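Structural features, examined
Each chain is listed here by its residues.
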Amino acid sequence: MYNLRTSIERCNSRLKNYLNTDNLRSAGIKKAKTFALLNCITLVAGTIVVNVNTSLPKVA
């Protein structure tokens, strides 16, 4: 479990820096959880897009 800590901290850092997770503007744990989950989905989707674009061969 301890070996996963560095990757989790890296993910948290990216969420805070790029997706503004540390600046919540709504009250309630449910809304905060939803906001954090949507940010996680956005981070994963962005990573997939970057990796797919670099692995596709360029034509013409």
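As shown above, the structure is provided for reference.
So, the overall build of the chain
Looking only at helices and strands, the chain has two helices and zero strands in total. When burial is assessed residue by residue, the chain has 8% of its 60 residues classed as buried. Here the chain displays about 5,600 Å² of accessible surface, and carbon together with sulfur accounts for 62% of that area.

Describing helix α1 (residues 5-19)
With 15 residues, α1 should cover 21 Å at 1.5 Å per step; its first-to-last C-alpha distance of 20 Å lies within 8% of that length. Looking one or two residues past α1, Asn20 carries a phi angle of roughly 60 degrees, positive in sign.

Let's talk about the side chain of Asn39
Relative to the helices and strands, Asn39 resides in helix α2 (residues 29-55). Dropping the residues within four chain positions of it, Asn39 is found in contact with Leu15, Leu19 and Thr21.

Parameters and conventions
- Counting restarts for each chain, with residues numbered from 1 along the sequence as it is written.
- Whole-chain, interface and lining totals are the exception, using all residues; otherwise, since this is a predicted model, local features are given only for residues with pLDDT of at least 70 and side-chain atom pairs are given and counted only at 80 or more.
- Think of the side-chain values as coming from all heavy atoms in the structure, minus any hydrogens and water.
- Going along the chain from the N terminus, every DSSP run of H or I of four or more residues is numbered as a helix, and every run of E of two or more is numbered as a strand.
- Only protein chains enter the accessibility calculation, which uses a 1.4 Å probe; a residue is then buried when its area is under 20% of its type maximum, exposed when over 50%, and partly exposed in between.
- Under the convention used here, a 1.4 Å probe and the Shrake-Rupley method define accessible areas, while residue burial counts only the protein chains that appear.
- For a helix, the expected span equals 1.5 Å multiplied by the number of residues minus one.
- For this analysis, residues touch if any pair of their heavy atoms sits within 4.5 Å.

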